[in-house]
Amino acid sequence: MNSRIESIKAREVLDIGCLPTVEAEVVLESGVMASAICPAGTSTGTNEAKELRDGDKEWYGGKGVSKAVNNVNNEIKKNLIGLDVFKQEEIDKLLIDLDGTSDKSRLGANAIVATSYAVAKAAAKAKNVPLYKYLLGNKGIDLPMPWILIISGGLHARGNIDFQEWLVAPVCARSYKEFFNITWNVNSCAENMLTHEMKNKLAFSPGGRLAPIFDSNEEETDFLNKAIKKAGYIPGTDVLVYIDVAASHFVNDINKYNLKKENRNISSTEMANYLDSIIEKYSIYAIEDGLGEDDWNGWIELTDKIGKKVELVGDDLFVTNPVRLTKGIEKNIANAVLIKVNQIGTITEAQKTVKIAKQNNYRTVISSRSREAVEEPIIAHLAIGLSVDEGKMGRPSAINEFIRIEELLKENNVPFSYSWINKF
């Protein structure tokens, strides 16, 4: 079967928030065709790879992506036609070199991500295997532990509270089907509590998640613990809790943290102590971005304070960048890294970051973005194919794909394990 790239085409499509994004379509000389849609985030770090937007206020208010689409249809297409689709690393390196910037800003990270994704999907299709299997190669299948979003705050919920996300993982479950059912029970109890017991605090984020309006981040955490208990589970034992603080979005240039809902402006040290008190009181398993993305000295102090108590995840801190992760490892900062392919630009670079993390005993947590295409379930395949430990899943498309994959593995008697079973 001829595996050379015959054609590449991109188009402007809409994500779940009805904002434009790039879809790339790769066709091989064999006739195999695959397409992929680049996701985007509402909450982004300043060190992420940069999307290319048009800036034309008459077209989607300046959010159009026709420039990025044209870059795929012209420069990227011209340089990739004739290449072997199975040479993912070489193709990704070519995309990086073509762009020539450190942040993918010339061609646009949205153009590069969509192309890198589409190449991988076409290669998997050419081999007639699922994408996760193609990325895994000969490695065994260890299904990652999903984190499911229950409560939105921060930029995801119009600033109703300072912290950004509260997620759960029911580690008492013994399959994905049971896992998602327990999550639904917790979410249902939370919604009923808000509806019947706290009528004035029921609200939803633009993404459709619960976004209750509380007076403090601790009150929000306490509410989630009560919802878990009301659903019949033990917080910290049956159901783990993950808080995405997203502190980069409320830190100023002198590393002071402005907790608007609590009317407090505190230092890195005070922020570390505040998080420590929440961890001790509510049995929190994971904290993401507890301090700002460039508060390196504060992160050293935070890691000393809570690094042995929780999974301490760097998102804006590391931005899936192997250079920033290596710097963090050298400084003994955090103990886990969030993986978002569009933060760095290509599948190959994300694979490198995962490899560095695993070599240094850092946990790996892949994450969906708040603005993905409804029909694009690639995050589930990346989670398994990159062999990450955990995954933050906010969209039904990813959850549904996990269920499909689990079902197919069982039906075909393919050996696999669950990353969380017998470990908590």
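Residues numbered from 1 in each chain as written. Predicted model: local features only at pLDDT ≥ 70, side-chain atom pairs only at ≥ 80, totals over all residues. Heavy atoms only, no water.

The helix and strand tally for the protein stands at 13 helices and 15 strands. The C-alpha radius of gyration computed for the protein amounts to 21 Å, which stays within 12% of the reference 22 Å derived for 424 residues, consistent with globular compactness. If you line up the protein on its principal axes, its C-alpha atoms span 60 × 50 × 45 Å. A buried classification covers 60% of the 424 residues belonging to the protein. In the protein, of all internal contacts separated by at least 6 residues, the share reaching a separation of at least 24 is 68%. The positive charge centre, built from 51 side chains, and the negative charge centre, built from 58, are 1 Å apart in the protein. (Helix = DSSP H or I, 4+ residues; strand = E, 2+ residues; numbered from the N terminus. Rg over C-alpha atoms; globule rule 2.2 N^0.38 Å. Buried < 20%, exposed > 50% of the residue type's maximum accessible area, 1.4 Å probe, protein only. Contact = heavy atoms within 4.5 Å. Lys, Arg positive; Asp, Glu negative; His and termini not counted. Charge placed at Lys NZ, Arg CZ, Asp CG, Glu CD.)

Further remarks concern the sheet that holds strand E13 (residues 363–367). Reading around the circumference, E5-E6-E7-E10-E11-E12-E13-E14 is the order of the eight strands in this closed barrel, with mixed pairing throughout. Strand-to-strand twist in this sheet, taken as the mean axis angle between neighbours without regard to direction, amounts to 30°. Summarising the sheet, strand E6 (residues 165–170) and strand E7 (residues 239–244) pair through six bridges and their orientation is antiparallel. Looking across to E7, one finds that Trp166 is bridged to Ile243. Contacts from helix H5 (residues 176–197) reach strand E5 (145–152), E6 and E7, with the element oriented near 15° to E5. (Pairing = 2+ DSSP bridges. Axes fitted to C-alpha atoms, helices over the stretch in contact; angles between N-to-C directions.)

Under the definition given, this model contains 17 aromatic pairs. Following the ring pairs from residue to residue traces out a cluster consisting of Tyr176, Phe179, Phe180, Phe402, Phe416, Tyr418 and Trp420. Across from the ring centre of Phe86, 4.6 Å away, lies the NZ or CZ of Lys127, which sits over that ring. Cation over ring: Arg264 sits above Tyr274, and NZ or CZ is 4.7 Å from the ring centre. (Phe/Tyr/Trp six-rings, centres within 6.5 Å; stacked < 30°, edge-to-face > 60°. Lys NZ or Arg CZ within 6 Å of the ring centre and 35° of its normal.)

The next thing to look at is unusual backbone geometry. With a phi close to 45°, Asp289 is a non-glycine residue in the positive phi region. Inspection of the secondary structure puts Asp289 in the loop between strand E10 (286–288) and helix H8 (296–306). Phi is positive for Asn332, which is not a glycine, with a value near 60°. Mapping Asn332 onto the fold places it in the loop between helix H9 (322–330) and strand E12 (336–339).

Turning our attention to the side chain of Ser248. With respect to the helices, strands and loops of the structure, Ser248 is situated in the loop between E7 and strand E8 (257–259). Exposure remark for Ser248: the relative accessible area of 15% places this residue in the buried category. The contacts of Ser248, once residues within four sequence positions are left out, are Leu291, Gly292, Glu293 and Asp316.

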